Structures are given as C-alpha cells and as structure tokens.
Amino acid sequence: MSPTVTLPNHPTDPRLRRSYRACRALNARHGRTFFLATRLLAPDQRPAVHALYGFARRADDILDDLTSAAAPDDRAARLNELAGHFRSRTADADPVLPAVLHTARRFRIPDVLFDSFLASMRMDLTVTDYPDRPALDRYIHGSAEVIGLQVLPVLGVAAPLEEAAPYAAALGKAFQLTNFLRDVNEDLARDRVYLPADELAGHGVDRDLLQWCQAHRRTDPRVRRALADQHARTREIYAYAGRGIDLLAPRSRPCVSAALTLYSEILDRIEDLDFDVFVHRARVSAARRAAVGLHGFVQARRLGTSPFARQRSDAGH
C-alpha cells in the first residue's frame, strides 16, 4: 500500500499539481457543459471544482466499466478501495486523490458528504429500479445533492452557509434529473431506470414498455406523457434552485447562472425532440454554449473579476 501523504497548504508540489491537471482533464473530456461554466470561476476556484468533479468521475468510471472483466464484485472492490484510500488519506493511490484531499482540507468539506456520495455509488452496483420518489431521492441525495454541497464552500456565499445550502443541493438534483431524462436510453442499456416506477405506472409505463421503445427506436405516447411529467417536475426544481444564486459570493454567480442556463436548456432540447430520447440525445449546440459563456464573461467583468486570467494558484492550468 502507498504511504499516507501529508498534503501541502498550496498546490506547488509537482505531484499535487499533476493531480489537479488530471482532474481538469477529466472535467474537460467528460463534462463539456460543466467545464465551460467552470471557466467563469476565478483562477483560485477552478482547481478545487475540477478536483471534486474528478473524484466523482473516477467513481462513475468504476461503476460504468461493464467489460467482461469488470464483474459487479470487482467493481465493488475497486469502489471500496477508492473509498478506503480517501478515508485513510492515501493520496498516492489514485491520480485524483491528491487534488481532492487537498481541496477537502482547504475548504473544510465534511467527510460525510463524500461518504454519502460513495453510498449512492454503491447503490448502482445492485439497484436497477426505484419504486417511488422517496427511494429515488435517497439515491439523488448522495449522487447529486451532496456534490452541490461540496462545491458551495469553494463558490463562497454572501449569506450564511446553511441558508444557501438547500439551493445548492437543489441545483445538483436538477442537473441529475436532467441527465436521467436525457439518458433514458443509455441507462436502459446498463440495466438501470432512474425514474420512479409508481409515477411511470400512473401513465401506464413500466420497464417492459421502455425496453420496447428502445428496441423499436420510438417513443410510445404513454412514455412521452410520463417523460413530460418528469420534465415538468424538474423545471420546478430549477426554478427553486435559481433563487439561491443571489446568496452566492458575487464572483461565483456568473458561473452558476451559466451552468443553470445550459443544463436547463437540455430540457428545452428534450422537449423540442418531443421526448424522442430513444433515437436522439438532447444537446445544447456549441454556438449556444459559446454565447452563454460570453454572456457570463461579460457579467464577471462587470463584477470586477477576471475569470479567464491565469494565476499561480490555478494549479498549473
């Protein structure tokens, strides 16, 4: 086992800088919309957000490794190993760990938020359906809401942290629910359905019908109505989460506003496609992402920040 490493107070150690760069690369490769929004953060904030994303991505990669060599027991062991290294602060065990451990210490992010995240990730090893909204919400708390809570200290607040926290959690939840709607087809291919079974049943939909839609590459009218219902519920969560932006530190508001705008517009694209999620994957165009990014940059400049500046604190980016 690699030795436990005491991390420095700032990212000047070459190994730590490499770790932050690895997390940034994961964010750029796998989360284009989110990565664009992070470019609107100040340079001293970006590495921490990339580190938190990198840790979450590493867990996702373990779970989504569906190769023949990656049996569920193997994936469980690898996830438990990652969790164990995080708890023991064994920074050399994985490329993302030095950065996320440094970030957690620097911003005093409680371990319980990482524990809750990993608990939901373990659910993905065995749970393939959710009978109702409370069951899905338990999963989403660890898989998404705690991510918003992890990021909140990095963003900073203009109000008490506990006042801003529910909105940060809600935004993470809205992002996750958006992914669930967009990725119904992909999730089915992994034998997962992230929609409450009882709410689907209210529209005459079950797993068999979803699989029929997948096989025939068409959306049954009952499924379309069920997805429209989920879509409306997600819209309400975005509306609530958006009210928390003014509680953030001013320099972080352009980033979060851009992220909310772009992710919520994925819902627009899903609706534009008439919920035909079994053929098309809803995307926000590169031109639209650029336009939102430019608007965010202008907002940031008005606030007196320079989000595209490069500083030593940007961990070598």
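About the criteria used
Residues numbered from 1 in each chain as written. Predicted model: local features only at pLDDT ≥ 70, side-chain atom pairs only at ≥ 80, totals over all residues. Heavy atoms only, no water. Axes fitted to C-alpha atoms, helices over the stretch in contact; angles between N-to-C directions. Helix = DSSP H or I, 4+ residues; strand = E, 2+ residues; numbered from the N terminus. Parallel < 35°, antiparallel > 145°, perpendicular 65-115°, else oblique. Left-handed = near helix turned anticlockwise from the far one by under 90°. Contact = heavy atoms within 4.5 Å. Nonpolar A, V, L, I, M, F, W, Y, C, P; charged D, E, K, R; others polar. Salt bridge = Lys/Arg side-chain N within 4 Å of Asp/Glu carboxyl O. Buried < 20%, exposed > 50% of the residue type's maximum accessible area, 1.4 Å probe, protein only. Phe/Tyr/Trp six-rings, centres within 6.5 Å; stacked < 30°, edge-to-face > 60°. Lys NZ or Arg CZ within 6 Å of the ring centre and 35° of its normal. 1 Å grid on protein atoms, 1.4 Å probe; cavity = no way out; pocket = protein on both sides within 12 Å on 5 of 7 lines; lining within 4 Å. Points joined across faces, edges and corners; volume = space filled by probe spheres on them. pLDDT = per-residue confidence, 0-100. Polar contact = N/O pair within 3.5 Å; in protein donor to acceptor, adjacent residues only side chain to side chain.

A.B. asks: Help me out: how do you make sense of the packing of helix 13 (residues 253–272) against helix 14 (residues 286–302) in this one?
C.D. replies: Each packed pair of helices is defined by two parameters, the angle between the axes and the distance between the axes. Packing of helix 13 against helix 14 brings their axes to within 9 Å, and their N-to-C directions diverge by 160 degrees. By the angle class used here, helix 13 and helix 14 are roughly antiparallel. Where helix 13 crosses over helix 14, the two elements pack in a sense that is right-handed. Contact residues: helix 13 offers Pro254, Ala258, Thr261, Leu262 and Glu265, while helix 14 offers Arg288, Arg289, Val292, Gly296, Gln299 and Ala300. Looking at the contact of helix 13 with helix 14 residue by residue, the classes come out as five nonpolar, three polar and three charged.

A.B. asks: Please explain the pattern of salt bridges as it appears in this structure.
C.D. replies: It is possible for side chains bearing opposite charge to pair when their charged atoms get close. The tally for this structure, following the rule as stated, stands at 21 salt bridges. Among the salt bridges present, the one from Arg235 reaches Asp268, with a minimum N-O distance of 2.1 Å. Placement of Arg235 in helix 12 (residues 221–242) and of Asp268 in helix 13 is noted, with a sequence separation of 33 residues between them. Residue Asp268 is classed as partly exposed on the basis of its relative accessible area of 24%. Of the charged contacts, one joins Asp272 and Arg269 as a salt bridge, the two residues approaching to 2.9 Å between their closest N and O atoms. Of this pair, Asp272 and Arg269 both sit in helix 13, three residues apart, which is roughly one turn of that helix. With a relative accessible area of 56%, Asp272 lands in the exposed category. Through salt bridges that share partners, Arg133, Glu199, Asp229 and Arg233 make up one connected network.

A.B. asks: What should I look at first to understand the packing of aromatic side chains in this one?
C.D. replies: When we look at a pair of aromatic rings, we describe it by the centre distance and by the angle of the planes. Across all of its chains, the model carries 13 aromatic pairs by this definition. Taking the centre distance of 5.8 Å and the plane angle of 20 degrees together, the rings of Phe34 and Tyr53 count as stacked. Note that Phe34 is positioned in helix 2 (residues 32–38) and Tyr53 in helix 3 (residues 46–63), a separation of 19 residues in sequence. Note on Tyr53: relative accessible area 18%, which makes it buried. Aromatic pair Phe175 and Tyr238: ring centres 6.3 Å apart, planes at 50 degrees, arrangement tilted. Pair noted here: Phe175 is in helix 8 (residues 161–182) and Tyr238 is in helix 12, with a separation of 63 residues, a long-range link. Note on accessibility: Phe175 and Tyr238 belong to one class, buried. Through a chain of ring-to-ring contacts, three or more aromatic side chains come together here, namely Phe55, Phe86, Phe114 and Phe117. Geometry around Phe86 places Arg89 over its ring, the cationic atom sitting 5.1 Å from the centre.

A.B. asks: Is there a simple way to explain empty space enclosed by the protein in this structure?
C.D. replies: To find the voids left in a structure, one rolls a probe of water-molecule size over its atoms. Under the definition given, this model contains one cavity of 30 Å³ or more. Quantified by volume, the largest cavity comes out at close to 60 Å³. As for the largest cavity, its lining consists of Phe180, Val184, Asp187, Leu188, Arg192, Val193, Tyr194, Leu195 and Leu210. Counted by class, the lining of the largest cavity contains seven nonpolar, no polar and two charged residues.

A.B. asks: Would you mind showing me how to read the confidence of the model for the protein chain here?
C.D. replies: Low pLDDT means the predicted atomic positions in that stretch should not be read closely. The pLDDT averaged across the protein chain works out to 89; a share of 90% of its residues lies at or above 70. A low-confidence stretch, residues 1–9 stays under pLDDT 50, and its non-local contacts, those more than four residues away or across chains, total 25 contacts. Here residues 311–317 is modelled with pLDDT under 50, and outside its nearest four sequence neighbours on either side it reaches 23 contacts, counting other chains as well.

A.B. asks: Explain the side chain of Arg15 to me, please; I cannot follow it from the model alone.
C.D. replies: Mapped onto the secondary structure, Arg15 falls in helix 1 (residues 14–30). In terms of polar contacts, Arg15 uses its side chain to reach the side chain of Asp92, at 3.2 Å.

A.B. asks: Can you walk me through unusual backbone geometry in this structure?
C.D. replies: With the exception of glycine, the majority of residues adopt a negative phi angle, and the majority of peptide bonds are in the trans configuration. Phi at Arg89 takes a positive value of approximately 60 degrees, unusual for a residue other than glycine. Structurally, Arg89 can be placed in the loop between helix 4 (72–88) and helix 5 (97–106). When its relative accessible area of 29% is taken as the criterion, Arg89 is described as partly exposed. In this structure, Asp274 is a non-glycine residue whose phi angle is positive, near 55 degrees. By the element assignment, Asp274 lies in the loop between helix 13 and helix 14.

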